Amino acid sequence: MAMELTFGDPALTARLERGVDAAEERLRAVAAEARDPRVAEIVGHLFAPGGKRLRPLLALVGAEFGERDPSAAVPAAALAELVHVASLYHDDVMDQARTRRGVASANARWGNATAVFAGNWLLSKAARLAAELGPETIRLQSSVTNRLVMGQIRELAGPSDDGDALAHYFAVVAGKTAALIAMALQLGAVRTDAPEHVVQALAEYGEHLGVAFQIADDILDITSTSEVSGKEQGKDLAIGVASLPVLLALADERPEADELRVLLTAATDAPDGSGLPRAAAPDDSGLPRAAAPDGSGLPRAVALLRRCGATAQARAIMQARLVRARSAANGLPDGPAARVLHALCDFVAHRDR
Ligand code: FPP
Ligand code: MG
């Protein structure tokens, strides 16, 4: 599987590995349901190696807190990854991303329309899988899909003129990232009949872990390389997504932060398309976008962001979220599975892709 699992308990580690492998097998079977081999190739494109498989893993860890055999959560693990991958097809269209999971993005390879339909195809399969698992799973899946979409709409809309940019950021991230991470844990726990207070504690843990995970993603956009992350470096910046380090840098009023602030707030609707591709696209919603440096300023902005305090400040905010995640994990029955939740906090803190 994709994440290196060293969770202390060998039996649990082996069980989780088997579960993630079985979920992957299930995903490949779903893609193969497209009888047309061309469609199968497109909808199976992002199941290729390169993903971290965090969400299936979380579903399987959640299942460890229940009363039934945790392997009952394999379909739930597949469902969490299905919804995630569907959202990646759409996200890469929105972000005009060229690479994902170390390969060409679906939109780069087959165009935007095909990528959107492939995401929809996967979502339809997720709905069918949820129906097989029962009403509670359908409820969780529909709620998470709604939160994902709301997160993206809020991100596109940006904060209101008199709104708090950081509060807006956390609302976006709760929807676009934390919701699915929390749901994966809940789904797994529900599959094995975990008590309600346990399901709730897992959800709380997942909400905090998910926010921390997205902050790490924001930081990696600035500090990582494409070779390691499998995505383009500086992409958030290039498309005008107000990531946490960017918001913190914009709020820095010291004179030494002037150059970066000017770069980040520079007018970006350059006619050559070097500025804000999402805002400049003719089919765009017309909603306001965050400011981004123009094409030439991008490498300079990345270099300045790496050096300035905003990245360290973002890291501190991420750590504070991890403390809250750990505190929620401490409310769960102690044992190897709870220790995995703590190990995942360490993984996010040291995430490099
Ligand atoms: C990544 O954010 C965000 C997501 C993967 C969520 C995307 C959600 C949608 C497009 C809504 C539609 C949802 C479904 C289920 C079809 P990012 O761009 O900051 O992260 P990245 O660095 O991984 O691209
Ligand atoms: Mg993206």
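None of the values given here were measured: they were computed from a predicted structure. (Residues numbered from 1 in each chain as written. Chains lettered and ligands numbered in written order. Predicted model: local features only at pLDDT ≥ 70, side-chain atom pairs only at ≥ 80, totals over all residues. Heavy atoms only, no water.)

Novice: Explain the site of ligand 1 here, please?
Specialist: What surrounds ligand 1 is a group of 15 residues, the closest being D95, R100, K176, D217 and K231. Within the side chain of D91, a nitrogen or oxygen atom sits 2.9 Å from an oxygen atom of ligand 1. In the environment of ligand 1, an oxygen atom lies 2.8 Å from a nitrogen or oxygen atom belonging to the side chain of R100. Protein contacts shield 91% of the accessible area of ligand 1, which totals 630 Å² for the unbound molecule. Sorting the residues of the shell around ligand 1 by element identifies helix 4 (74–95), helix 7 (135–157) and helix 9 (196–223) as the ones contributing at least two each. Among the elements that make up the shell around ligand 1, the one with the highest residue count is helix 4 (6 residues). The class makeup of the residues in the shell around ligand 1 is 5 nonpolar, 4 polar and 6 charged. (Near = heavy atom within 4 Å. Polar contact = N/O pair within 3.5 Å; in protein donor to acceptor, adjacent residues only side chain to side chain. Areas by Shrake-Rupley, 256 points an atom, 1.4 Å probe, with all protein chains shown as cover. Helix = DSSP H or I, 4+ residues; strand = E, 2+ residues; numbered from the N terminus. Nonpolar A, V, L, I, M, F, W, Y, C, P; charged D, E, K, R; others polar.)

Novice: What is the right way to read the packing of helix 6 (residues 112–133) against helix 7 from this model?
Specialist: Helices that pack against each other are described as a pair by the angle of their axes relative to one another and the distance between those axes. Where helix 6 meets helix 7, the closest approach of the two axes is 8 Å, and the angle between their N-to-C directions is 150 degrees. On the basis of their axis angle, the class for helix 6 and helix 7 is roughly antiparallel. Here helix 6 contributes L123, A126, A127, A130, A131 and L133 to the contact with helix 7, which in turn contributes T137, I138, Q141 and T145. (Axes fitted to C-alpha atoms, helices over the stretch in contact; angles between N-to-C directions. Parallel < 35°, antiparallel > 145°, perpendicular 65-115°, else oblique. Contact = heavy atoms within 4.5 Å.)

Novice: I would appreciate a short explanation of the nonpolar core in the present structure.
Specialist: Burial of nonpolar side chains together is a common tendency in soluble globular proteins. By size, the foremost hydrophobic cluster in this structure holds 99 residues, and its most contacted members are F65, Y205 and L341. Ignoring sequence-local partners within four residues, the contact set of Y205 consists of L185, A325, A328, A329, L341, L344 and C345. (Core = buried A, V, L, I, M, F, W, Y, C linked by side-chain atoms within 4.5 Å. Buried < 20%, exposed > 50% of the residue type's maximum accessible area, 1.4 Å probe, protein only.)

Novice: For this particular structure, what's the right way to read the side chain of R100?
Specialist: Take R100: it is sitting in strand 1 (residues 99–100). When its relative accessible area of 10% is taken as the criterion, R100 is described as buried. One polar contact links R100 to D91, side chain to side chain, over a distance of 3.2 Å. A distance of 2.9 Å separates polar atoms of two side chains, one belonging to R100 and the other to D92. With residues up to four places along the chain from it excluded, the contact list for R100 reads L46, L88, D91, D92, S105, G230 and K231.

Novice: Looking at this structure, how should I read the coordination of the magnesium ion (ligand 2)?
Specialist: The textbook angles at a metal center are 109.5 degrees for a tetrahedron of four donors and 90 or 180 degrees for an octahedron of six. Note on the magnesium ion (ligand 2): its protein donors are D91 (OD) and D95 (OD). The metal-donor distances range over 2.0 to 2.1 Å. Of this pair, D91 and D95 both sit in helix 4, 4 residues apart, which is roughly one turn of the helix. Judged by its relative accessible area of 10%, D95 is buried. (Donors = N, O, S within 2.8 Å, 3.2 Å for Na, K, Ca; no water.)

Novice: Looking at this structure, how should I read the packing of helix 3 (residues 54–63) against helix 8 (residues 165–191)?
Specialist: Viewed as axis vectors pointing N to C, helix 3 and helix 8 meet at an angle of 40 degrees, and their least axial separation amounts to 6 Å. The angle between helix 3 and helix 8 places the two elements in the oblique class. Our pair here, helix 3 against helix 8, has a crossing hand that is right-handed. For the pair helix 3 and helix 8, contact is made by L54, R55, L58, A59, G62 and A63 and by L180, I181, A184, L185, G188 and A189, respectively. Of the residues in the contact of helix 3 with helix 8, the class split is 9 nonpolar, 2 polar and 1 charged. (Left-handed = near helix turned anticlockwise from the far one by under 90°.)

Novice: Would you mind showing me how to read the side chain of Q214 here?
Specialist: For Q214, the location among the structural elements is in helix 9. The exposure class of Q214 is buried, given its relative accessible area of 8%. Within the local environment of Q214, its side chain forms a polar contact with the side chain of T177, the two groups lying 2.6 Å apart. Setting aside chain neighbours within four positions, we find Q214 in contact with Y169, V173, K176 and T177.

Novice: Can you help me understand unusual backbone geometry in this one?
Specialist: Note: most peptide bonds trans; most residues except glycine with negative phi. Here R53, not a glycine, exhibits a phi torsion of approximately 60 degrees, which is positive. One can find R53 in the loop between helix 2 (37–43) and helix 3. At D193, a residue that is not glycine, the phi angle is positive and equals roughly 60 degrees. Structurally, the position occupied by D193 is in the loop between helix 8 and helix 9.

Novice: What is the right way to read empty space enclosed by the protein from this model?
Specialist: Tallied over the entire structure, the rule returns 1 cavity of 30 Å³ or more. By volume, the largest cavity amounts to about 40 Å³. Lining of the largest cavity is provided by E24, L27, R28, F47, R53 and E81. Residues of the lining of the largest cavity, tallied by class, amount to 2 nonpolar, no polar and 4 charged. (1 Å grid on protein atoms, 1.4 Å probe; cavity = no way out; pocket = protein on both sides within 12 Å on 5 of 7 lines; lining within 4 Å. Points joined across faces, edges and corners; volume = space filled by probe spheres on them.)

Novice: What is the right way to read the packing of aromatic side chains from this model?
Specialist: What characterises a pair of aromatic rings is the spacing of the ring centres plus the angle enclosed by the ring planes. All chains considered together, the criterion is met by 1 aromatic pair. Their ring planes at 80 degrees and their centres at 5.2 Å tell us that Y169 and F170 sit as a pair that is edge-to-face. On the basis of relative accessible area, Y169 is assigned to the buried category, the value being 5%. Its guanidinium or amino end placed over the ring of F213, R351 lies 3.9 Å from that ring's centre, counting from NZ or CZ. (Phe/Tyr/Trp six-rings, centres within 6.5 Å; stacked < 30°, edge-to-face > 60°. Lys NZ or Arg CZ within 6 Å of the ring centre and 35° of its normal.)

Novice: Quick question: what am I supposed to make of the confidence of the model for the protein here?
Specialist: Low pLDDT means the predicted coordinates in that region are not meant to be read closely. The predicted model of the protein has a mean per-residue pLDDT of 88, with 89% of residues at 70 or higher. pLDDT under 50 marks residues 267–290. Its contacts with residues more than four places away, or in other chains, come to 43 contacts. (pLDDT = per-residue confidence, 0-100.)

Novice: Explanation requested: the environment of T311 in the structure shown.
Specialist: With respect to the secondary-structure elements, T311 resides in helix 16 (residues 309–330). With 91 residues separating them in the primary sequence, T311 and L220 have C-alpha atoms 9.7 Å apart. The residues touching T311, leaving out its near neighbours within four places in the chain, are I219, T223, P245, L305 and R306.

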